[in-house]
Amino acid sequence: MTLPASIDEVQETLGATGYVCGRALATVVFLSLRLGRPLFLEGEAGVGKTEIAKALSAALGRRLIRLQCYEGLDASSAVYEWNFPAQMIAIRTAEAQGSADRDVLNRELFGPDFLIERPLLQAMRPDEHGAPILLIDELDRTDEPFEAFLLEALSDFQVTIPEIGTIKAPEPPIVILTSNRTREVHDALKRRCLYHWVDYPGFDREVEILNAREPDVSETLSREIVAFVQSLRTEDIFKKPGVAETIDWAKCLLALDVVDLSPEVISDTLGAILKYQDDIAKIEGSEAKRILEEAKATIEAA
Ligand SMILES: Nc1ncnc2c1ncn2[C@@H]1O[C@H](COP(=O)(O)OP(=O)(O)OP(=O)(O)O)[C@@H](O)[C@H]1O
Ligand SMILES: [Mg+2]
């Protein structure tokens, strides 16, 4: 599919995949596609950062290639590796057959048959459906040397493999980077990108997201769930629930045939929205009751 021609079209095509996209996010997505700039998304956990890459991939019919970052991720796991076990077997076989011509073997061993392509290299390969989407997820989990390496890879979209040569992307991939901001990502990398802070959605938008994801939850219950979670986010707790938790909770309540929130139901199912015992202990019981009353009051006032 061709790239969206307007911000409205971005909202529409993402909306068709079930992703509810506010105007500000749609604008940076549009600009990132139009200008061919990487999109850097930061925000709390579970607010839809990773999902946007998946939604874009579905909306545009492009392949999604994901590089999941973690501590200790290095260039070889991100770009390419040689298939060492297969190389060993090939050497053994050649030796056993007595056909080990050193030069030929060397050339074969370091040729495409033994190359394992990792996400960055995969993203540089041509694709009949157009440039793929490269999701570099949770960048803040890697270290600075890897960031520096990435900075270079993102600037020229080419990879040099000494034994094979330089591979260049015919068309640069659409790059989306995400971070939970457990540490600051370097300015130099940010400067290359368009930046957007993905915040918790407002009440109406979160209800809309919940309807899009769990259409079987009644309108009344959806509003109660969202109002409760939104109130909960204003409490002094260690880990605030994201949109993912709102959706999970709704699923649980649906499975339990709950039609209306009550303090008892909330206490029984808190594990769907709070993942730390301290937070649960704090909210259980009278606090849950108070927050629920607060939530119901905001719904009535709206
Ligand atoms: N705007 C939205 N529209 C539709 N669904 C959404 C939206 N935002 C979040 N979600 C839902 O919330 C879930 C979590 O989103 P996602 O995994 O993208 O969060 P994240 O920001 O990447 O979180 P983390 O930082 O923990 O990786 C997704 O499965 C998605 O269904
Ligand atoms: Mg994510």
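Model, not experiment: these values are computed from the prediction.

A. Region of the structure containing the sheet that holds strand β9 (residues 194-198). Spatial strand order, β2-β5-β8-β1-β9: five strands in an open sheet with parallel pairing. Sheet topology places β2 (64-68) and β9 at the edges, where each strand pairs with a single neighbour. Shown here is a sheet whose adjacent strand axes are inclined to one another by a mean of 20°, direction ignored. Sheet analysis places strand β1 (residues 39-43) next to β9, joined by five bridges and oriented parallel. Directly across from L41, in β9, lies its bridge partner H196. Running at roughly 170° to strand β5 (residues 133-137), helix α3 (residues 49-60) makes contact with β1, β2, β5, β8 (174-179) and β9 of the sheet.

B. Structural detail: the site of ligand 1. Surrounding ligand 1, one finds 19 residues, the nearest of these being G48, K49, T50, E51 and A244. Among the secondary structure elements, those contributing two or more residues to the shell around ligand 1 are α3, α10 (203-213) and α12 (243-255). The residue makeup of the shell around ligand 1, split by class, is nine nonpolar, seven polar and three charged. Looking at which domains feed residues into the shell around ligand 1, each of domain 1 (7-71 + 119-198) and domain 3 (203-292) supplies at least three.

C. Geometry of the pairing of β8. Taken across its six residues, β8 has six buried, putting it largely inside the fold. Alternating residues of β8 divide into I174, I176 and T178 and V175, L177 and S179, and every residue in both groups is buried. By the bridge criterion, four bridges tie β1 to β8 in an arrangement that is parallel. Along β8, the bridge assignment pairs L41 with T178. Strand direction decides the pairing type here: β5 and β8, joined by four bridges, are parallel. From the neighbouring strand, L134 faces β8, where its bridge partner is V175.

Analysis parameters
- Residues numbered from 1 in each chain as written.
- Chains lettered and ligands numbered in written order.
- Predicted model: local features only at pLDDT ≥ 70, side-chain atom pairs only at ≥ 80, totals over all residues.
- Pairing = 2+ DSSP bridges.
- Helix = DSSP H or I, 4+ residues; strand = E, 2+ residues; numbered from the N terminus.
- Axes fitted to C-alpha atoms, helices over the stretch in contact; angles between N-to-C directions.
- Contact = placed C-beta atoms within 7 Å.
- Near = placed C-beta within 6 Å.
- Nonpolar A, V, L, I, M, F, W, Y, C, P; charged D, E, K, R; others polar.
- Domains from an automatic or database assignment.
- Buried ≥ 20, exposed ≤ 12 C-beta atoms within 10 Å, placed from the backbone.

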